[in-house]
Amino acid sequence: SQQGEEDPQALSIQEGENATMNCSYKTSINNLQWYRQNSGRGLVHLILIRSNEREKHSGRLRVTLDTSKKSSSLLITASRAADTASYFCATGERRKLIFGQGTELSVKP
Amino acid sequence: GAVVSQHPSRVICKSGTSVKIECRSLDFQATTMFWYRQFPKQSLMLMATSNEGSKATYEQGVEKDKFLINHASLTLSTLTVTSAHPEDSSFYICSADLAGGPSNQETQYFGPGTRLLVL
């Protein structure tokens, strides 16, 4: 079963702009993770934020977590064409990952 | 480190045949591997959890006789799609977490996926 929803489902921006993706989930969590998937490829782990954290940074990535609203956001700053991919949030239940629907990001040069 | 490979990367087969997909952890041991299925433009759906030396745990709605999983060693899990039909055409992805990790092991390492097309 899916844990939650992501929005937008698709996002198209120009290179250099910021991209924000949101994820909502349903149950209590220990952590929330964001993954990236290039077309037709496997997933790459981007960042993990724990339930007691509110914000986390990694390079051009910024993730926030609001456990009261059961939501998280992923911000990619100064986007590049190479950031074009699908982005998924995922929550863990006893070592199993449950993924959101994903946001398809297209960054135009 | 933590590289997971899958073989084959893509396979085309006739309806009724069986297809085996291998998932290997190349530079680490994986007590647990996971098999996912992904339809176009959709998210990953967990099919089963594969534990080395024991039977796999299947998610609700996944036919265990249809999707045979074997995890014979700490570096290899296989998924066999038996008597494949066109509706089994999909992208199959495996992942692994580190053996000996904490019970709340968090990050999984994903293989590149196998695209199956059943004619």
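Up top you'll find the structure we're talking about.
Criteria and cut-off values
- Residues numbered from 1 in each chain as written.
- Chains lettered and ligands numbered in written order.
- Predicted model: local features only at pLDDT ≥ 70, side-chain atom pairs only at ≥ 80, totals over all residues.
- Heavy atoms only, no water.
- Helix = DSSP H or I, 4+ residues; strand = E, 2+ residues; numbered from the N terminus.
- Buried < 20%, exposed > 50% of the residue type's maximum accessible area, 1.4 Å probe, protein only.
- Rg over C-alpha atoms; globule rule 2.2 N^0.38 Å.
- Areas by Shrake-Rupley, 256 points an atom, 1.4 Å probe, with all protein chains shown as cover.
- Contact = heavy atoms within 4.5 Å.
- Buried area = accessible area lost by both parts, 1.4 Å probe.
- Salt bridge = Lys/Arg side-chain N within 4 Å of Asp/Glu carboxyl O.
- Polar contact = N/O pair within 3.5 Å; in protein donor to acceptor, adjacent residues only side chain to side chain.
- Nonpolar A, V, L, I, M, F, W, Y, C, P; charged D, E, K, R; others polar.
- Disulfide = S-S within 2.5 Å.
- Core = buried A, V, L, I, M, F, W, Y, C linked by side-chain atoms within 4.5 Å.
- Patch = residues over 30% accessible without salt bridge, like charges linked within 9 Å, V, L, I, M, F, W, Y side chains within 5 Å.

### Comments concerning the overall build of chain B
Point 1. Secondary structure summary: chain B contains zero helices and eleven strands in total.
Point 2. Shown N-terminal to C-terminal, the secondary structure of chain B runs as helices and strands in the order β-β-β-β-β-β-β-β-β-β-β.
Point 3. Projected onto the principal axes, the alpha-carbon positions of chain B cover approximately 40 × 25 × 25 Å.
Point 4. Taken across its 119 residues, chain B has 50% of its residues classed as buried.

### So, the overall build of chain A
Point 1. The helix and strand tally for chain A stands at zero helices and eleven strands.
Point 2. In chain A, the order of α-helices and β-strands from amino to carboxyl end is β-β-β-β-β-β-β-β-β-β-β.
Point 3. The C-alpha atoms of chain A give 13 Å as radius of gyration, which agrees with the globular expectation for 109 residues (13 Å, within 12%).
Point 4. With the C-alpha coordinates of chain A rotated into their principal frame, the extents come out at 40 × 30 × 20 Å.
Point 5. A burial count over chain A gives 45% of its 109 residues as buried.
Point 6. Carbon and sulfur atoms form 44% of the exposed surface of chain A, whose accessible area is close to 5,400 Å².

### What about the interface of chain B and chain A?
Point 1. Taken residue by residue, the interface counts 26 residues in chain B and 21 residues in chain A.
Point 2. Across the chain B to chain A interface the summed buried area is about 1,800 Å²; carbon plus sulfur atoms make up 47%.
Point 3. If you look at where chain B meets chain A, you find two salt bridges.
Point 4. At the boundary of chain B and chain A, one finds six residue pairs in polar contact (both at pLDDT 80 or more).
Point 5. Listing elements by their share of the side of chain B that touches chain A, those giving two or more residues are strand S4 (32–38), strand S5 (44–51) and strand S9 (90–97) of chain B.
Point 6. Split by residue class, the side of chain B that touches chain A holds eleven nonpolar, ten polar and five charged.

### Brief notes about the state of the cysteines
Point 1. Across all of its chains, the model carries two disulfides over all chains by this definition.
Point 2. Disulfide partner of Cys23(A): Cys89(A), at an S-S distance of 2.0 Å. Between Cys23(A) and Cys89(A) the disulfide shows an S-S torsion of about 70°. By sign, it is right-handed. Of the two residues, Cys23(A) is situated in strand S3 (residues 19–25) and Cys89(A) in strand S9 (residues 85–93); the sequence distance between them amounts to 66 residues.
Point 3. Overall, the relative accessible area of 3% leaves Cys23(A) in the buried class.
Point 4. The disulfide partner of Cys23(B) is Cys94(B), and the gap between their sulfur atoms is 2.0 Å. On the sign convention where negative means left-handed, the S-S torsion of about 80° between Cys23(B) and Cys94(B) marks this disulfide as right-handed. Residue Cys23(B) is found in strand S3 (residues 19–25), and its partner Cys94(B) is found in strand S9; the two are separated by 71 residues along the sequence.

### Focus on the environment of Glu59(B)
Point 1. In this structure, Glu59(B) sits in the loop between strand S6 (57–58) and strand S7 (67–73).
Point 2. Spatially, the C-alpha atoms of Glu59(B) and Thr49(B) are 8.1 Å apart, while their sequence positions differ by ten residues.
Point 3. Once residues lying within four places of it in the same chain are set aside, the contact partners of Glu59(B) are Lys96(A), Leu46(B), Met47(B) and Ala48(B).
Point 4. Among the polar contacts listed, one links the side chain of Glu59(B) to the side chain of Lys96(A), at a separation of 3.0 Å.

### Observations concerning the nonpolar core
Point 1. In terms of nonpolar packing, the biggest core is built from 25 residues, with Trp35(B), Tyr58(B), Phe67(B), Ile69(B), Leu79(B), Tyr92(B) and Leu116(B) touching the most fellow members.
Point 2. Elements that contribute at least two residues to this core include exactly strand S2 (10–13), S3, S4, S5, S7, strand S8 (76–81), S9 and strand S11 (114–118) of chain B.
Point 3. By size, the runner-up hydrophobic cluster in this structure holds 20 residues, among which are Leu61(A), Val63(A), Ala85(A) and Cys89(A).

### Regarding a nonpolar patch on the surface
Residues and elements named next belong to chain B.
Point 1. Judged by side-chain polarity, Ile-12, Leu-117 and Leu-119 come together as a nonpolar surface patch covering roughly 310 Å² of accessible area.
Point 2. Mapped onto the fold, Ile-12 is located in strand S2.
Point 3. We classify Ile-12 as exposed; its relative accessible area is 59%.

### Some points on unusual backbone geometry
Point 1. Here the amide bond leading from Asp7(A) into Pro8(A) is cis, since omega sits at -5°, within 30 degrees of zero.
Point 2. Here Pro8(A) lies in the loop between strand S1 (4–7) and strand S2 (10–14).
Point 3. Omega for the bond connecting His7(B) with Pro8(B) falls within 30 degrees of zero, at 0°, which places this linkage in the cis form.
Point 4. Relative to the helices and strands, Pro8(B) is located in the loop between strand S1 (4–7) and S2.
Point 5. Positioned with a positive phi, Lys70(A) is a non-glycine residue whose angle comes to about 55°.
Point 6. Locating Lys70(A) in the fold gives a position in the loop between strand S7 (61–66) and strand S8 (71–76).
Point 7. Take Lys70(A): its relative accessible area is 28%, and that puts it in the partly exposed class.

All quantities given are derived from atomic positions and should not be read as evidence of function.
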